Amino acid sequence: MQNISKKFAVTAMVLVATMLCAGVGIAADEKYDGPPISLTWSNYYPENSQIAVAALKPYLKHITEKTGGKIIFQEYWAGQLHGVKQGFSACKSGMTDITQGYIAVHSNRFDLFNVGEMPYAFKNPVVAAMVMEALYPKYFKKEYEKQGVYMASYPTINMGAGIISKKPVRKLEDLKGMKVLTGGGVISDSFKLLGVRPVAVAPSEMFSALQTGIIEAILFAKGMVIPRQFQEVAKYYTELNISTLGIPYCINRKKFDGLPAPLKKELYLALREANFIMTKNYLALDDEADKALRAAGVEVIKMPPEDITKTKALLEPIWKDFIEKKEAKGLPAKQMVEDLRKLSQKYGAMSMDELQQEVRTNPVKGIINGL
């Protein structure tokens, strides 16, 4: 009887230690205990930019801390290794291990994954990031991995929050005929319905294009206007809050597959919460931006409520068209949209603290096979 009690006590202690280890379900004997492993990180933002400091570096810091210092980064900023359009090819080739693998700059390569840009799909970018990661294994993984990479995480920005423009946009009619940088894919299609003339410009050329009049406005998250210095040449910001934009990061498959098994799991789980952290920090930039814009002499304009209602009605056909086109290709778009709306409603009803706790205690499985 005494031996049984001792065995029970030992078993209980092991279980408790397992549950407490890192708070993410990694047992103590499963943790990697070798030397740190370096991953090459590349990004097109300057290292000292507000976006890098406020959103990107905390992402890297969290991963290093969450893996107990076992994943470290060799950082390359300001496009030192490659441009944003070369993200997939640079990651696939091994030039970099983790970088932006943006859907928006290669929207023609994707089908279902473009749903993340649909109008009025999510309450905020954090909800969008969580919903899209939850749907990824079932609906998006196959087409993303066709790029020859794994998806590391799906941070999201409030790109459709509004436009920074050289002339005031006070009502819906003011958008008609404007040359606006909207990005590609669904976002571009949405703004075409509002009478906008979408113009494609490389990220590195946005400022000069706005300055010279090649474009009259840029669809941009409020919190990213000043970091990109657009307020120097455009003095009006009109809030629209139409859509979010996923800015997924990819990771080199060979590098990830070559990691020790315990470290793969640690990194995978760290990426889930890092996704939340980056998105939340981007959103915080938006929240802080209003005063900064006004102080910089930018007029912040709110659309009349009746125009917002009208905009929603004008853009509703985008959803029907999206579903019909994808279903015609044999893709499960209707079911995916139903799943998206259910998850969006579920996460949209949760507080920010509840959302973070959800990521910690119920991380999405299967974004990378076996994890």
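One can find the structure itself at the top, above this paragraph.
Since this is a predicted model, take the numbers as computed values, not measurements.

What counts and what doesn't
Per chain, residue numbering runs from 1 following the sequence as it is written. Where local features are concerned, this predicted model is filtered to residues with pLDDT of at least 70; where side-chain atom pairs are given and counted, the filter is 80 or more; whole-chain, interface and lining totals use all residues. Note that water and hydrogens are dropped before the side-chain values are worked out from all heavy atoms of the structure. Starting at the N terminus, helices and strands are each numbered in turn, a helix being any DSSP run of H or I of at least four residues and a strand any DSSP run of E of at least two. Whenever a nitrogen or oxygen atom comes within 3.5 Å of another N or O atom, the pair is scored as a polar contact, on the condition that within protein one atom can donate a hydrogen and the other can accept it, and that pairs from neighbouring residues in sequence are kept only if both atoms are in side chains. Any two residues whose heavy atoms approach within 4.5 Å are treated as being in contact. Salt bridge, as used here, is a side-chain nitrogen of Lys or Arg placed within 4 Å of a carboxyl oxygen of Asp or Glu. Exposed residues in this analysis have more than 50% of their type's maximum accessible area, buried residues have under 20%, and partly exposed residues fall in between, with area computed by a 1.4 Å probe over protein chains only. Paired strands, as defined in this entry, are two strands with at least two bridges between them according to DSSP. Here the expected length of a helix is defined as 1.5 Å per residue gap, with one fewer gap than residues. The arc in question is the one traced by the directions running from the helix axis out to the C-beta atoms. Throughout, nonpolar core names a set of buried Ala, Val, Leu, Ile, Met, Phe, Trp, Tyr and Cys residues whose side chains join them through atoms within 4.5 Å. Here a Phe, Tyr or Trp ring, Trp counted by its six-membered ring, pairs with any other such ring whose centre lies within 6.5 Å, and the pair is stacked when the planes are under 30 degrees apart, edge-to-face when over 60, and tilted otherwise. To sit over a ring, a charge needs its Lys NZ or Arg CZ within 6 Å of the ring centre and within 35 degrees of the ring normal.

## Focus: the side chain of E133
Move 1: The residue E133 is located in helix α4 (residues 125-145) in this model.
Move 2: Only 2.9 Å separates the side chain of E133 from the side chain of R272, close enough to count as a polar contact.
Move 3: Not counting chain neighbours up to four residues away, the residues in contact with E133 comprise M151, S153, Y154, R272, N275, V364 and I367.

## Observations concerning the pattern of salt bridges
Move 1: In this structure the tally under the stated criterion is 19 salt bridges.
Move 2: Between K57 and E75 there is a salt bridge; the shortest N-O distance is 2.9 Å. Remark: E75 occurs in strand β2 (residues 71-76) and K57 occurs in helix α2 (residues 50-66); sequence separation between them is 18 residues.
Move 3: When its relative accessible area of 26% is taken as the criterion, K57 is described as partly exposed.
Move 4: Between K326 and D111 there is a salt bridge whose closest N-O contact spans 3.2 Å. Of this pair, K326 sits in helix α9 (residues 305-328) while D111 sits in the loop between β3 (98-100) and α4, and the two are 215 residues apart along the sequence.
Move 5: Through salt bridges that share partners, K222, E239, D290, R294 and K302 make up one connected network.

## Digging into the sheet that holds strand β6 (residues 162-165)
Move 1: Pairing within the open sheet is mixed, and its 6 strands lie in the order β8-β7-β9-β6-β10-β13. Of all the strands in the sheet, just β8 (197-198) and β13 (299-302) have a single pairing partner and so form its edges.
Move 2: Of the pairings in the sheet, the one linking β6 to strand β9 (residues 217-219) comprises 3 bridges and is antiparallel in character. Counted as the bridge partner of I164 is I218 from β9.

## What about helix α10 (residues 333-348)?
Move 1: Along its 16 residues, α10 runs 21 Å from first to last C-alpha, staying within 8% of the 22 Å computed at 1.5 Å per residue.
Move 2: Those residues of α10 that sit buried are A333, M336, V337, D339, L340, L343, S344, Y347 and G348. In an axial view of α10, the angular spread of the buried residues amounts to 160 degrees, which keeps them on one side of the axis. Every exposed residue of α10 that faces more than 90 degrees away from the buried side is listed here: K334, K342 and Q345.
Move 3: For α10, the elements touching its buried residues are α4, α9 and α11 (352-361).

## Some points on the nonpolar core
Move 1: The biggest cluster of nonpolar side chains holds 118 residues, and the ones touching the most others in it are L56, Y59, F113, V115, F140, Y144 and Y282.
Move 2: For this core, the element with the most residues is helix α8 (residues 261-295), which contributes 14 residues.
Move 3: If we ignore the near neighbours within four places in the chain, the residues touching V115 are M132, F140, W319, F322, M336, V337 and L340.

## Brief notes about the packing of aromatic side chains
Move 1: All told, the structure shown has 18 aromatic pairs when counted by the stated rule.
Move 2: Considering the side-chain rings of F113 and Y154, the 5.4 Å spacing of their centres and the 25 degrees angle between planes classify their relative orientation as stacked. Here Y154 lies in the loop between β4 (150-153) and β5 (156-157) and F113 lies in the loop between β3 and α4, a separation of 41 residues in the sequence. Residue F113 shares its accessibility class with Y154, and that shared class is buried.
Move 3: Here Y150 and F256 contribute two aromatic rings whose centre-to-centre distance is 5.9 Å and whose plane-to-plane angle is 80 degrees, an arrangement assigned as edge-to-face. Taken together, the residues span a long stretch of sequence, with Y150 in strand β4 and F256 in helix α7 (residues 253-257) at a distance of 106 residues. Pair check on accessibility: Y150 and F256 agree, each one buried.
Move 4: An aromatic cluster is built from F88, F110, F113, Y136, Y139, F140, Y144 and Y154, whose rings are joined through pairwise contacts.
Move 5: Cation over ring: R272 sits above Y268, and NZ or CZ is 4.7 Å from the ring centre.
Move 6: Positioned above the aromatic ring of W319, the side-chain terminus of R341 is 4.4 Å from the ring centre.

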